[in-house]
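Residue-level listing of the chains:
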Amino acid sequence: MLVVSIVCLLGIIPIPIANAANWTTDANLSVSEIYTDNVRLSETGSTDDLITELSPSIGIMGNGARIDLNFDYSLNFLNYKENGDLNDVRHRLNFDSDFELVPDYWSAHAHSAITQQVTSTKRQGSGSIVGSSNVVDTFQNRLSSAWNSKLGSAALFELGLSIDQVDYIANSNSGTSSSNQLDSVGYQSRATLTNGNSLHRAFWRANFNDRRVEYENDEQAGTEDGTVTVGYRWEIFSISLDGGWQRYKHRTATASPQPDSEFTAANLIWHPSKKLSFTLSSTNRNYEQTLVDSSAKDQSLGSAITWNPNVRTSLSASTGNNFYGDSYNFSFFHKSRKSSLTASYGESITNLRDSLFFRVPGFKVCPAGVVTGCRYEPLNSTNISANESYTLGVFLAVSDQDYLNKQGSIGYSHQAAKNNLSISLFQSDRIFLGSNLEERDKGIRLGWTWRFGRVSSMAFTASRTQRQFQDSTEGDFSSLNLDITGQLGRKTSWSVIVHGAENVNNSITDSYEESHIRFQLSTSLN
């Protein structure tokens, strides 16, 4: 599967990658010794162990006129001195490439990733190597392509096609079968036709989207929707009319609502300036069956506001109604010279499969005060420093169910000469459409980084997450992490990490306390 993930995606790029103008490679090797007092995360009869971790890694970045490529791969060898049955080899991969097949017309994107996904959120691991029997390897591949063309001055046309694959493969000590009915292949096609520049104030748009997922056991799921929009612009006002349809097919079709509908909508937009706009809409939906949620309305009003006064501040908010009832979305960002504040709330239908491709699980971690150069970390990650901001995604066990995701977060960070502070509050509610069961996560995360030398720093993080699971049991996960790092010469760095975690659950077998200390040396092989 690893060969498929790397070779196939690299092989589909028909443009000679040597044509890229700039290439950067980064090879590293790290060696760690970890002592833990509870290697199996047991409530009673704790077993300590000494773990050796060897991790070579390589990163390749290429930027050229027709290709951008980012490749990061690491291999983790884990050797447990007293518990050899836990020995493991883990692959971690993130590959993305954008390239032009025909300049200005035909472009494509390739993505491949290998990650580790928990099989039960009740018993998540402590750090990255303790409690490793609760994970499976997740392989993700996606290839998408888009064709853009002009139909004279009358219209712009875009056609997009994609294929993706998700496989779950149990590691050697997970205790689960590598044959997984959740393995799947997805297909998507989309088409958009938009007015060209021949129209001055009038505008129109038509789009179609079809998404199908085929699972290992021959079950299928998918969505289909189409919309036509026509409108007219004045100086500070616009009006538009929408019409279209939506089709849903959930994998658990016998228990889920199938909210197929046709709809029409009228929209009035007031934009007194380029930085501010207000929208008021009226929507009429004709559902083809009675829905589970009685708050879904055939007729509803919606509204939206966007405000971007400068590059440091942005705000957007909207309300509406869908088959799952009233919906609300909100986003706010503000950055000053030394601090930043973010707040967001959103509601959407998704699933673990889509979350993997669109990077939702866990925390989205960004350098403080910016929204680019971000990465993604699991909810229990100890790899988030206090000078980084983070917002909550979704922390899910392996599942195939569609769910209504209601998530909100607020974060604040402050940067000083040698100190950086950050705090984040979050909550995520998930209502599974196939069963109407609910899950909830809410918590707080604190971080502090202190640079006490030219090449030395210390980072402290503390977090607590309270959870409600689908079976109505509850859990409470807390962790503390202290990370001290420094340099040994130009290419070598060292770190000492002290970590402690406590997991309290209604089920005694899922409760534990664990602490470990890690000594690590990392060196550049460039």
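None of the values given here were measured: they were computed from a predicted structure.

1. Here we look at the overall build of the protein chain
Turning to step 1, where the next piece is worked out: Of regular secondary structure, the protein chain possesses two helices and 27 strands.
Turning to step 2, where the next piece is worked out: The buried share among the 526 residues of the protein chain stands at 44%.
Turning to step 3, where the next piece is worked out: Contacts spanning at least 24 positions in sequence make up 55% of the contacts within the protein chain whose residues lie at least 6 apart.
Turning to step 4, where the next piece is worked out: Carbon and sulfur atoms make up 57% of the accessible area of the protein chain, which totals about 25700 Å².

2. Side note on the nonpolar core
Turning to step 1, where the next piece is worked out: Counting residues in hydrophobic clusters, the biggest one holds 13 residues, and the most contacted among them are F71, Y73, L93, F95 and F99.
Turning to step 2, where the next piece is worked out: Mapped onto this core, the elements with two or more residues apiece are β3 (67–80), β4 (88–102) and β5 (106–118).
Turning to step 3, where the next piece is worked out: Broken down by element, this core gets its largest block of residues, five residues, from β3.
Turning to step 4, where the next piece is worked out: Of all hydrophobic cores here, the second largest spans seven residues; its members include Y287, F323, I431 and L433.

3. A word on the pairing of strand β27 (residues 512–524)
Turning to step 1, where the next piece is worked out: Judged from the nine bridges that link them, strand β1 (residues 22–36) and β27 form a sheet pairing that is antiparallel. In the strand pairing of β27, L29 is matched with T523.
Turning to step 2, where the next piece is worked out: Two strands pair when backbone bridges link them, and strand β26 (residues 492–505) and β27 are joined in this way by twelve bridges, in the antiparallel orientation. Across the sheet, the residue bridging to S493 is S522, located in β27.

4. Topic: a negative patch on the surface
Turning to step 1, where the next piece is worked out: Residues D37, E43, D48, E82, E502 and E513 make up a contiguous surface patch of negative charge.
Turning to step 2, where the next piece is worked out: D37 gets classed as partly exposed once you look at its relative accessible area, which sits at 31%.

5. Looking at the packing of aromatic side chains
Turning to step 1, where the next piece is worked out: By the definition in use, this model includes nine aromatic pairs.
Turning to step 2, where the next piece is worked out: On the numbers, 5.0 Å between centres and 65° between planes, the contact of Y232 with W234 is edge-to-face.
Turning to step 3, where the next piece is worked out: Accessibility expressed as a relative area gives 43% for W234, which makes it partly exposed.
Turning to step 4, where the next piece is worked out: Relative to F432, the ring of Y403 has its centre 5.5 Å away and its plane inclined at 50°; by these criteria the two rings are tilted. In this pair, Y403 sits in strand β21 (residues 403–415) while F432 sits in strand β22 (residues 419–432), placing the two residues 29 residues apart along the sequence. By the burial criterion, Y403 is buried, and F432 matches it.
Turning to step 5, where the next piece is worked out: By the ring-pair criterion, three or more aromatic residues cluster together here, those being Y105, W106 and W147.
Turning to step 6, where the next piece is worked out: The ring of F263 has R285 sitting right over it, with the charged end atom 5.2 Å from the ring centre.

6. Thoughts on the pattern of salt bridges
Turning to step 1, where the next piece is worked out: One pass over the full model with this rule turns up 15 salt bridges.
Turning to step 2, where the next piece is worked out: For R430, the salt bridge is made with D441, and the minimal N-O distance between the two is 3.2 Å. Linking R430 in strand β22 with D441 in strand β23 (residues 438–450), this pair joins segments that are eleven residues apart in sequence.
Turning to step 3, where the next piece is worked out: For R430, a relative accessible area of 2% translates into the label buried.
Turning to step 4, where the next piece is worked out: We classify D441 as buried; its relative accessible area is 3%.

7. Topic: the confidence of the model for the protein chain
Turning to step 1, where the next piece is worked out: For the protein chain, the average pLDDT comes to 81, and 79% of its residues sit at 70 or higher.
Turning to step 2, where the next piece is worked out: Across residues 174–179 the pLDDT falls below 50, and counting only partners more than four positions away or on other chains, this stretch makes eight contacts in the model.
Turning to step 3, where the next piece is worked out: Every residue in residues 366–395 scores below 50 in pLDDT, and together they form 112 contacts with partners more than four places removed in sequence or on other chains.

8. Some thoughts on the pairing of strand β24 (residues 457–468)
Turning to step 1, where the next piece is worked out: Pairing geometry for β23 and β24, over eleven bridges, is antiparallel. When the bridges of β24 are listed, G447 appears paired with T461.
Turning to step 2, where the next piece is worked out: Between the antiparallel neighbours β23 and β24 lie six residues.
Turning to step 3, where the next piece is worked out: When β24 meets strand β25 (residues 474–488), the two strands line up antiparallel, connected through twelve bridges. Looking across to β25, one finds that S463 is bridged to S479.

9. Side note on the environment of L280
Turning to step 1, where the next piece is worked out: Mapped onto the secondary structure, L280 falls in strand β13 (residues 276–287).
Turning to step 2, where the next piece is worked out: Through-space distance from the C-alpha of L280 to that of I269 is 6.5 Å; in sequence the pair is eleven residues apart.
Turning to step 3, where the next piece is worked out: With residues up to four places along the chain from it excluded, the contact list for L280 reads A266, N267, L268 and G302.

10. Digging into a nonpolar patch on the surface
Turning to step 1, where the next piece is worked out: A surface patch of nonpolar side chains, amounting to about 720 Å² of accessible area, comprises Y232, W234, I236, F237, I239, L268, W270 and L280.
Turning to step 2, where the next piece is worked out: For the nonpolar patch, the secondary-structure elements that each account for two or more residues are β11 (237–249) and β12 (261–273).
Turning to step 3, where the next piece is worked out: Note on placement: W270 falls in strand β12.

11. Quick word on the side chain of T36
Turning to step 1, where the next piece is worked out: Inspection of the secondary structure assignment puts T36 in strand β1.
Turning to step 2, where the next piece is worked out: A polar atom in the side chain of T36 sits 2.6 Å from the side chain of E514.

12. With respect to the side chain of D49
Turning to step 1, where the next piece is worked out: Along the chain, D49 turns up in strand β2 (residues 49–63).
Turning to step 2, where the next piece is worked out: In this structure, D49 is buried with no salt-bridge partner, the nearest side chain bearing the opposite charge being R40 at 7.1 Å.
Turning to step 3, where the next piece is worked out: Among the polar contacts listed, one links the side chain of D49 to the backbone nitrogen of E82, at a separation of 2.9 Å.
Turning to step 4, where the next piece is worked out: Setting aside its immediate chain neighbours within four residues, D49 contacts I34, Y35, T36, V39, Y80, K81, E82 and N83.

13. Describing unusual backbone geometry
Turning to step 1, where the next piece is worked out: Phi angles above zero are rare outside glycine, and L41 is one such case at about 50°.
Turning to step 2, where the next piece is worked out: Examined against the element boundaries, L41 turns out to sit in the loop between β1 and β2.
Turning to step 3, where the next piece is worked out: L41 sits in the buried class, given a relative accessible area of 1%.
Turning to step 4, where the next piece is worked out: Positive phi, normally seen in glycine, also occurs at D104, with a value near 75°.
Turning to step 5, where the next piece is worked out: Examined against the element boundaries, D104 turns out to sit in the loop between β4 and β5.

Each value, and the rule that gives it
The residue count restarts for each chain, going from 1 along the sequence in the order it is written. Given that the model is predicted, a residue must reach a pLDDT of at least 70 before its local features are reported, and side-chain atom pairs must reach 80 or more before they are shown or counted; all residues, however, enter totals for whole chains, interfaces and linings. Side-chain measures here rest on the full set of heavy atoms in the structure, leaving out hydrogens and waters. Per the convention used, a helix needs a DSSP run of H or I reaching at least four residues, while a strand needs a run of E reaching at least two, with both numbered from the N terminus. Only protein chains enter the accessibility calculation, which uses a 1.4 Å probe; a residue is then buried when its area is under 20% of its type maximum, exposed when over 50%, and partly exposed in between. We call two residues in contact when some of their heavy atoms are within 4.5 Å. All accessible-area figures derive from a Shrake-Rupley calculation using a 1.4 Å probe, and residue coverage is judged against the displayed protein chains alone. To form a nonpolar core, buried Ala, Val, Leu, Ile, Met, Phe, Trp, Tyr and Cys residues must be joined to one another through side-chain atoms within 4.5 Å. Between any two strands, pairing holds if DSSP finds at least two bridges. Two joining distances apply to patches: 9 Å for like charges and 5 Å for nonpolar side chains (Val, Leu, Ile, Met, Phe, Trp, Tyr), and every residue must have over 30% relative accessible area and no salt bridge. Each reported salt bridge corresponds to a side-chain nitrogen of Lys or Arg within 4 Å of a carboxyl oxygen of Asp or Glu. In this tally Asp and Glu are treated as negative and Lys and Arg as positive; neither His nor the chain ends contributes. Charge positions are represented by NZ for Lys, CZ for Arg, CG for Asp and CD for Glu. Pairing of aromatic side chains here covers Phe, Tyr and the six-membered ring of Trp, requires ring centres within 6.5 Å, and sorts the geometry by plane angle: under 30 degrees stacked, over 60 edge-to-face, intermediate tilted. Only when the NZ atom of a Lys or the CZ atom of an Arg is both within 6 Å of the ring centre and within 35 degrees of the ring normal do we say a charge sits over the ring. Confidence scores per residue from the predictor, reported as pLDDT, run from 0 to 100. Here a polar contact is recorded for every N or O atom pair within 3.5 Å, except that within protein the pair must consist of a potential hydrogen donor and a potential acceptor, and residues adjacent in sequence are included only if both atoms are side-chain atoms.

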